[in-house]
Amino acid sequence: MSKPMVKVENVGMAFDTKSGRFTALRDIDLAIGEGEFVSLIGHSGCGKSTLLNLIAGLTLPTSGNVICAGREVAGPGPERAVVFQNHSLLPWLTCFENVYLAVERVFGTRERKVKLKLRAEAALEMVHMDHAMHKYPHEISGGMKQRVGIARAFAMEPKVLLMDEPFGALDALTRASLQDELIGVMAKTGATVVMVTHDVDEAVLLSDRVVMMTNGPAATIGEILDVNIPKPRNRLELAHDPQYVSCRAAILEFLYQKQMKKAA
Amino acid sequence: MSAVSMTASNLAAEPLAVEPRTHAQAAATSETSAAPQAKVKPVPTPRYRAPLGPRVNAVLKKVLPPLFGIGLLLGVWAIVAMKTQGFPGPLQTWAAAVEIFADPFYRNGPNDQGIGWNILSSLQRVGIGFGIAALVGIPMGFLIGRFTFLNSMLDPLISLLRPVSPLAWLPIGLLVFKKADPAATWTIFICSIWPMILNTAQGVQRVPQDYMNVARVLNLSEFKIITKILFPAVLPYMLTGIRLSIGTAWLVIVAAEMLTGGVGIGFWVWDEWNNLKVEHIVIAIFVIGIVGLMLEQALLLIAKRFSYGNN
């Protein structure tokens, strides 16, 4: 593995609730290499989103530390861009303005307006949203909104891209086309990505490694699966790839035998 | 209107839904057989039009009930007027209204001016009082919404003062300003400020966490957070506050002017009572209602513009 971009060291996370202290995560150790695509998968409530928020710096761990590019994460920042599950576009800004807001924040001090505009346009072009650049979020479909969300994140040229179930709210066909889109963008940018998902196929299709988490409370990393299928991957060819089938089987086995949800 | 557009769009949707299917079939057949004759001719899509009968029906459904309502009002009014001494009926009032609105902008000294001037000076008082209330109330709402300490500090004060009728503040206004006109404006200020503070504060407290997370991830400056996220997110709430304020202000101004005198629709009502011109009072009631309705509708229209596709 190349030198780690993100290091999660012995991290634990507890929340104070009305009924006492609730331990969400414990003993998480994970190193993510530069250019690596890592998926976090597990049953709902296993704290995978919590782990992503810790890397994003949106919440801070109660024990251990998170290091990104050699520096401790003390809060959120544009070098760790987040694609939110519900896209989180600002409804009063057009698609272009949403992306431009991010671009301006990251590059505004160094570059001229013309250049900033080009950056925002290029990001939208990359996800094939240039035709709807000047539409408002409520005028486009859910899949298109998520494309803009991804464009906004990529336009910031982050060191790490964090995605919280980015395609979870989309129908299967839209999800597939956005996954393909993401494969294309990844091939172009070589970004480091951490993605939370509950979709086994998605995890295998996109990831270099799949981190499987045990059930909460006090969830931790159960197993880590290496997906050694060469990139770029094609979903049609993968369907009969023995390696793909065995990766998929390994995750399913983990989720539905070893971590079978009680009473669920 | 909704019924009309419903039928029209249903009919229009039919041929639209057909078209992609034929295209898909065309693609499928040409792929499998690759024969030129496999090209399916696109089905001509006839243009549907809602037949005249249902459309007229829909318009009638929309127009008739309000007409019945107005008719009922006029009927009850006419009967009451017949049975009551000195209470003008609809026709008598209409005749008086025609006379009044023939020359709404005359001036015969300070206490005898056209109804147009009376309405305008009432609106002016409302505008000034409300404007000052907005200048004070909206920033205060922002502060209360943003800082929990201020919220806890001012909440009991607001809860105590808000239920007080603004007219109770009128003597204080007269005492401080020594003049009737600013005292009336002062009551408008008092009654307008509460809805604006409370709604703005609520809007600030209800800015979705998602938007704030975007701001945090982008690490936006406080200025950008206010201009790009807080202000637009709070704007719909602010507009609700403004609409409620104007509504209350328009209620209160009539009462305030009855007490302070001068020029204004409230004073005019009282003056006409003293002159025993009851038909003018009835006209004033309609005029006050119509102006209030127009203010409300105008603000609803503005609010719709800034709802960001929510409704």
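Here, every reference points to the structure presented above.
Here the structure is a predicted model, which means the values were calculated and not measured.

The rules we used
Residues numbered from 1 in each chain as written. Chains lettered and ligands numbered in written order. Predicted model: local features only at pLDDT ≥ 70, side-chain atom pairs only at ≥ 80, totals over all residues. Pairing = 2+ DSSP bridges. Helix = DSSP H or I, 4+ residues; strand = E, 2+ residues; numbered from the N terminus. Axes fitted to C-alpha atoms, helices over the stretch in contact; angles between N-to-C directions. Contact = placed C-beta atoms within 7 Å. Nonpolar A, V, L, I, M, F, W, Y, C, P; charged D, E, K, R; others polar. Expected span 1.5 Å × (residues − 1). Buried ≥ 20, exposed ≤ 12 C-beta atoms within 10 Å, placed from the backbone.

Got a sec to walk through the sheet that holds strand β3 (residues 37-41) of chain A? Specific residues and values, please.
Sheet strands pair by backbone hydrogen bonding; their relative direction is either parallel or antiparallel. All names here are of chain A. Strand order in this open sheet of 6 strands is β6-β7-β8-β3-β9-β10, and the pairing throughout is mixed. In the strand order of this sheet, the two ends are held by β6 (80-83) and β10 (221-226), each with one partner. Across the sheet, the axes of successive neighbouring strands diverge by a mean angle of 20°, strand direction being ignored. Relative to strand β8 (residues 192-197), β3 runs parallel, the two sharing 5 bridges. Paired with Phe 37 across the bridge in β8 is Val 193. The strands touched by helix α8 (residues 242-258) are β3, β9 (209-213) and β10; relative to β10, the strand with the most contacts, the crossing angle is about 170°.

Describe the environment of B:His280, naming the residues involved and giving the relevant values.
All names here are of chain B. Of note, His 280 is situated in helix α11 (residues 278-305). As for His 280 and Phe 68, which are separated by 212 residues in sequence, their C-alpha atoms are 25 Å apart. Sequence-distant contacts of His 280, that is, excluding residues within four places in its chain, are made with Ala 96 and Glu 272.

Please provide a residue-by-residue account of the interface of chain B and chain A, values included.
Chain B puts 14 residues into the contact, and the matching count from chain A is 18 residues. Broken down by secondary-structure element, the contributors of at least two residues to the side of chain B that touches chain A are α8 (209-218) and α9 (222-260) of chain B. It is α8(B) that provides the largest number of residues to the side of chain B that touches chain A, a total of 7 residues. When the residues that make up the side of chain B that touches chain A are grouped by side-chain class, the tally is 8 nonpolar, 3 polar and 3 charged.

Can you lay out helix α4 (residues 142-155) of chain A for me, pointing to particular residues and giving the numbers?
Residue and element names in this part refer to chain A. The end-to-end C-alpha distance of α4, which contains 14 residues, comes to 20 Å, matching closely the 20 Å that a straight helix rising 1.5 Å per residue would cover. Taken across its 14 residues, α4 has 12 buried, putting it largely inside the fold. Its buried side turned inward, α4 meets β6, α2 (95-107), α3 (113-126), β7 (160-164) and α5 (172-189). Glu 157 sits one or two residues past α4 and shows a positive phi near 45°.

Keep in mind these values describe shape, not function.
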